[in-house]
Amino acid sequence: MPFTVTGAFDDGATYSVRVTGRADRPVIGSHRATALVELHEGRPLSLSPTGPVRTVAGGDEATVLAVLREYTHVAEEGPGAPRRACVPR
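Presented here is a report on the structure given in the accompanying data block. (Residues numbered from 1 in each chain as written. Predicted model: local features only at pLDDT ≥ 70, side-chain atom pairs only at ≥ 80, totals over all residues. Heavy atoms only, no water.)

Section: helix α2 (residues 61-71)
Since the α-helix advances by 3.6 residues per turn, residues separated by three or four positions end up pointing in the same direction.
Then step 1. Taking burial as the measure, the 11 residues of α2 include 8 buried ones, the bulk of the element.
Then step 2. The N-cap of α2, judged by a side-chain oxygen 3.2 Å from the amide nitrogen of Ala-62 a few residues on, is Asp-60. (Buried < 20%, exposed > 50% of the residue type's maximum accessible area, 1.4 Å probe, protein only. Helix = DSSP H or I, 4+ residues; strand = E, 2+ residues; numbered from the N terminus. Polar contact = N/O pair within 3.5 Å; in protein donor to acceptor, adjacent residues only side chain to side chain.)

Below, the structure is given as structure tokens:
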């Protein structure tokens, strides 16, 4: 299910993208965010601080969101976004 993500890069540039769940076009709306996801495709990445580790794939919404969370400052995730695992206290 597609959802939106709004955030900022380290240099302060903001973005708003739609995570599509499509392997051929994982995000729509920002050339920089698209390039960032493409750069990390095929690499392992933890979905949350507690894991699990999965290989980034354009058609996998959870791994695309994990890339955005890891390498940018995500300010808002729209309805339908995968939830992050929590560490029990």
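Observations regarding the sheet that holds strand β1 (residues 3-8)
Then step 1. Overall, antiparallel pairing links the 4 strands, which are arranged β3-β2-β1-β6 in an open sheet. Because the sheet does not close on itself, it has two edges, and the strands there are β3 (27-28) and β6 (73-77).
Then step 2. Sheet contacts for α2: β1, β2 (14-19), β3 and β6; angle to β2, the most-contacted strand, approximately 175 degrees. (Pairing = 2+ DSSP bridges. Contact = heavy atoms within 4.5 Å. Axes fitted to C-alpha atoms, helices over the stretch in contact; angles between N-to-C directions.)

Describing the environment of Glu-77
Then step 1. Along the chain, Glu-77 falls in strand β6.
Then step 2. With 72 residues separating them in the primary sequence, Glu-77 and Val-5 have C-alpha atoms 4.6 Å apart.
Then step 3. Those residues in contact with Glu-77 that sit more than four places away from it in its chain are Thr-4, Leu-65, Arg-69 and Pro-82.
Then step 4. Within the structure, Glu-77 has its side chain in polar contact with the side chain of Arg-69 (distance 3.0 Å).

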